[in-house]
Amino acid sequence: MGGGSGGPTPSGTAPAETEPAEPSSLTITWLAFNEGTGEGTTGETTLSRADAADGDFRVEFSANEVDGIGAASQAGAWNASIISTLLLGQPLEGEFRFETSGRVDGPSAGALTTAGLIALARGDEFLDGVTMTGTINATGTIGPVGGIPEKLTGASEAGFDTILIPLGQRNAPDHEGATVDVVREGERLGVEVIEVGDIYEAYQHLTGEQLDAPSLDTDPRLDNASYDKVAAQVNATLGRYDSALSQFNGLAPEMTSVLTSFTDVAATAAARARDLQQQGLQAGAFNSATQAAALMEMLYAGGNLMTPLLTQGLPGIETIVTQALDIAPAETKVFALLDQLSTYTPQTLADVEGLVNAYALTFDAYSLLIFAQQRLTVIQETYEAGGYTDLELMFTDLVMPMLYAELAEAQVTSTQALFELGRDNPGGPIDSDVELAQVGDFFRRGADANFAAFTEAFVTPQAEAQGMSNDALLNALANVDLNVAAAITQANIQPAIAAYIGEGEPNADYATLGYGLNNFVRNQLLVDKYYNNAVLDEAFNVVDFTWDAVIARATDLGRQHLATEVDLLREHDTEPVISIGNYEAASLLRAGTPAEQFDAVGFYNGGFVTSRVLAYLGGFQRVDLGEAEAAP
């Protein structure tokens, strides 16, 4: 019941006294809520992990019921396998098996599964009578879940005496909507209920053993040479913003007034960049300046393109849509940049950071371009079929896809600047023994798992509740969240990009790694934001948190993780300029609006995962298997 089970000792062979044999498997008992009956239930999954003979990363499922492991639970198991591997610093390979008894669907066993896989790797076992519920996020924070009062009752009936729940969920609604103090309810049932915010805190309760969390000793800062290099790029990027703002202000007042909300966002980013610049946080200033410049260039180009709507009304639509659908110039810039990246040979880990991030952002730009083209094509077809008789409705539908198309082109320019910034900095050597293609596939699979979890856990239930299709809901989210727009397009265009780059061609593996890293972090954040914690308004804008403590723990732990990884890279002569930029930008965003605080989590998580991969590619990643840190 929640305990681990070790493999049998061969006959006549005594186990080692100082190093007990690692369990071949470990059984966890998860908690579930049955919406049909309104009851809490339990079930078991036996976890096992073995080294992969071919160095691959494999996940296998076995169930004793038809549809015993739902799609969201399968995605959660993939995610737990990946996150446990990352947090431990293990090689990015292995064969994972999940043998489940009963029916489970949803990501709420993610944290328990992650803890189980960590225990399996370290040779620890779960204590009797202890289990938990909660999702798992990229840096090990535990996300909120539903059905806690019912799960508590089910756990009590199954004989558990200690239940761990996500931080901030002591007062949780039951299936009838009544708020239940689950700590007091646990006392009535004879069960101790403990709130935990991250996997490190949960692990000690589950196993009685210590899993060391990263500590924050100092805030990372750029060295002097990198500081000067970044400062020059900040000035140049803010110059782009000022130039685009001047051009935008020259448009018709009717157009500039319509786009005021967008210009406010760009102005805020520019002000943030100048604030960071004044504080000497040049890497963070570059991130904010890039956002400001790209947004303002987007607004000028989009406003200029849409001006005929004001002067000609509906008759000008055909010309505008035709021009907007002509993505050839922007597409040429995207593939020209891909060609440039393919000719660059990274010599150090710092070069890898610049190259991988450049590939990731180039793919993002192309994704936005294709997303915009698809949306504009639908609008054009609707118009030609006589579906628009109202100019305001037409304008409303046109605004976002047209702006996204222009933003894509502006992002190509920004990516070029970031590539120059990230390359040719001090860096340690790349370990030639690492299978780069396998690392890229590791994160590509994680990205797919996270998007599946986002779809199954949030999109489908929300679409059904609002009488919409999944596509309609995703499109509504994409109108207010660039990450959603990129995520729903990128998986579809990845084969085309891969075919263009060519298998086996220079830097093809780095391109796959850029795609995988970026989408793994992005799609994880979509789950963390929309399924776990965001409060949305009617237009799907993030306006608040459901659990403030959860976002606070996510930013704190993400900050600690990223700072620790930067220190490790520097110990090995690598200056991760882009990751330090993530750190500095996030440090300001974490005090901002709810949407900005989610962005801060994304910056921290992205910097952490990328930095950990750089350490892996250098052959000196931290390994936590209950022993001392791995030697360089």
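Residues numbered from 1 in each chain as written. Predicted model: local features only at pLDDT ≥ 70, side-chain atom pairs only at ≥ 80, totals over all residues. Heavy atoms only, no water.

### Comments concerning the overall build of the protein chain
Then step 1. Looking only at helices and strands, the protein chain features 20 helices and 14 strands.
Then step 2. Taken over the C-alpha trace, the protein chain has a radius of gyration of 25 Å; the compact-globule value for 632 residues is 26 Å, and the two agree within 12%.
Then step 3. Seen through its C-alpha atoms, the protein chain measures out along the principal axes to roughly 85 × 55 × 45 Å.
Then step 4. Burial status across the protein chain gives 57% buried among its 632 residues.
Then step 5. For the protein chain, the proportion of contacts with a sequence separation of at least 24, taken over those separated by at least 6, is 78%.
Then step 6. Counting only carbon and sulfur atoms, one obtains 47% of the accessible surface of the protein chain, whose full area is about 24,700 Å².
Then step 7. Of the charged side chains in the protein chain, 27 are positive and 87 negative, and the gap between their average positions amounts to 4 Å. (Helix = DSSP H or I, 4+ residues; strand = E, 2+ residues; numbered from the N terminus. Rg over C-alpha atoms; globule rule 2.2 N^0.38 Å. Buried < 20%, exposed > 50% of the residue type's maximum accessible area, 1.4 Å probe, protein only. Contact = heavy atoms within 4.5 Å. Areas by Shrake-Rupley, 256 points an atom, 1.4 Å probe, with all protein chains shown as cover. Lys, Arg positive; Asp, Glu negative; His and termini not counted. Charge placed at Lys NZ, Arg CZ, Asp CG, Glu CD.)

### Remarks on the sheet that holds strand β9 (residues 162-166)
Backbone-to-backbone hydrogen bonds join strands into a sheet, with any given pair of strands oriented parallel or antiparallel.
Then step 1. Read across the open sheet, the three strands follow the order β6-β9-β12; overall the sheet is parallel. Every interior strand has two partners, whereas the edge strands, β6 (130-132) and β12 (192-196), have only one. Pairs of neighbouring strands in the sheet enclose a mean axial angle of 25 degrees, with direction left out of account.
Then step 2. Alignment of β6 against β9, held across three bridges, turns out to be parallel. Along β9, the bridge assignment pairs Val130 with Thr162. (Pairing = 2+ DSSP bridges. Axes fitted to C-alpha atoms, helices over the stretch in contact; angles between N-to-C directions.)

### Overview of the nonpolar core
Then step 1. In terms of nonpolar packing, the biggest core is built from 151 residues, with Phe443, Phe520 and Leu617 touching the most fellow members.
Then step 2. The element that contributes the greatest number of residues to this core is helix α12 (residues 349-384), accounting for 16 residues.
Then step 3. In contact with Phe443, not counting residues within four places along its chain, are Leu86, Leu92, Leu513, Gly516, Leu517, Phe520, Val609 and Val613.
Then step 4. Core analysis: the second largest hydrophobic core is formed by 25 residues, Val234, Leu562, Ala563 and Ile580 among them. (Core = buried A, V, L, I, M, F, W, Y, C linked by side-chain atoms within 4.5 Å.)

### Quick look at the confidence of the model for the protein chain
Then step 1. Residue-level pLDDT values for the protein chain average 88, and 93% of them are 70 or greater.
Then step 2. In this model residues 627-632 is a low-confidence stretch, pLDDT under 50, and it forms eight contacts with partners more than four residues away in sequence or in other chains. (pLDDT = per-residue confidence, 0-100.)

### What to know about helix α3 (residues 148-157)
Then step 1. Counted residue by residue, α3 has eight buried out of ten residues, so it is predominantly covered.
Then step 2. Gly159 occupies a position one or two residues after α3 and carries a positive phi of about 100 degrees.

### Considering the packing of aromatic side chains
Then step 1. This structure, assessed with the given rule, holds 17 aromatic pairs.
Then step 2. Here the aromatic rings of Phe57 and Trp78 are separated by 6.0 Å at their centres, their planes lie at 45 degrees, and the arrangement is tilted. Of the two residues, Phe57 is situated in strand β4 (residues 57-63) and Trp78 in helix α1 (residues 71-88); the sequence distance between them amounts to 21 residues.
Then step 3. Centroid distance Phe61 to Phe98: 5.7 Å. Interplanar angle 25 degrees. Geometry classified as stacked. Here Phe98 lies in strand β5 (residues 94-101) and Phe61 lies in strand β4, a separation of 37 residues in the sequence.
Then step 4. The class of Phe61 is partly exposed, set by a relative accessible area of 24%.
Then step 5. Aromatic rings pair up to connect Phe57, Trp78, Phe96, Phe442, Phe443 and Phe520 into one cluster. (Phe/Tyr/Trp six-rings, centres within 6.5 Å; stacked < 30°, edge-to-face > 60°.)

### A short note on the pattern of salt bridges
Then step 1. Counting across every chain of the model gives 25 salt bridges.
Then step 2. Note that Asp56 and Arg445 form a salt bridge whose closest N and O atoms lie 2.7 Å from each other. Within this pair, whereas Asp56 is found in the loop between β3 (39-50) and β4, its partner Arg445 is found in helix α14 (residues 436-465), the two being separated by 389 residues in sequence.
Then step 3. Asp424 serves as the salt-bridge partner of Arg423, at 3.0 Å between the closest nitrogen and oxygen.
Then step 4. When salt bridges that share partners are traced, they join Asp56, Arg58 and Arg445 into one network. (Salt bridge = Lys/Arg side-chain N within 4 Å of Asp/Glu carboxyl O.)

### Thoughts on the packing of helix α16 (residues 482-501) against helix α17 (residues 508-533)
Then step 1. Where α16 contacts α17, the two axes come as close as 10 Å, and the packing angle between them is 165 degrees. The angle between α16 and α17 falls in the class roughly antiparallel. In this structure, the crossing between α16 and α17 has a hand that is left-handed. Where α16 abuts α17, its residues Asn483, Val484, Ala486, Ala487, Gln490, Ala491, Gln494 and Ile501 lie against Ala508, Ala511, Tyr515, Asn518, Asn519, Arg522, Asn523, Leu526 and Tyr530.
Then step 2. Among the residues making up the contact of α16 with α17, the classes are represented as ten nonpolar, six polar and one charged. (Parallel < 35°, antiparallel > 145°, perpendicular 65-115°, else oblique. Left-handed = near helix turned anticlockwise from the far one by under 90°. Nonpolar A, V, L, I, M, F, W, Y, C, P; charged D, E, K, R; others polar.)

### Quick look at the packing of helix α18 (residues 548-571) against helix α19 (residues 577-589)
Then step 1. Where α18 meets α19, the axes come as close as 10 Å, and the angle between the chain directions of the two elements is 155 degrees. By the angle between their axes, α18 is roughly antiparallel relative to α19. As α18 packs across α19, the resulting crossing turns out to be left-handed. Mapping the contact onto sequence places Arg559, Leu562, Ala563, Val566 and Arg570 in α18 and Ser579, Ile580, Asn582 and Tyr583 in α19.
Then step 2. Class assignment of the residues belonging to the contact of α18 with α19 gives a composition of five nonpolar, two polar and two charged.

### Looking at the side chain of Thr131
Then step 1. When you line up the elements, Thr131 lands in strand β6.
Then step 2. Separated by 2.5 Å, the side chain of Thr131 and the backbone oxygen of Thr29 make a polar contact.
Then step 3. Thr131 has contacts with Thr29, Leu31, Leu112, Phe160, Thr162, Ile163, Leu164 and Leu206, leaving out every residue within four places of it along the chain. (Polar contact = N/O pair within 3.5 Å; in protein donor to acceptor, adjacent residues only side chain to side chain.)

### Examining the side chain of Gln524
Then step 1. The residue Gln524 is located in helix α17 in this model.
Then step 2. One polar contact links Gln524 to Asn79, side chain to side chain, over a distance of 2.9 Å.
Then step 3. What Gln524 contacts, discounting residues up to four positions off in sequence, is Asn79, Ile83, Ile136, Asn137, Ala138 and Asn450.

### A few points about a negative patch on the surface
Then step 1. Among the surface-exposed residues, Glu125, Asp128, Asp161 and Glu192 lie close enough to one another that they form a single negatively charged patch.
Then step 2. Structurally, Glu125 is set in the loop between α2 (110-122) and β6. (Patch = residues over 30% accessible without salt bridge, like charges linked within 9 Å, V, L, I, M, F, W, Y side chains within 5 Å.)

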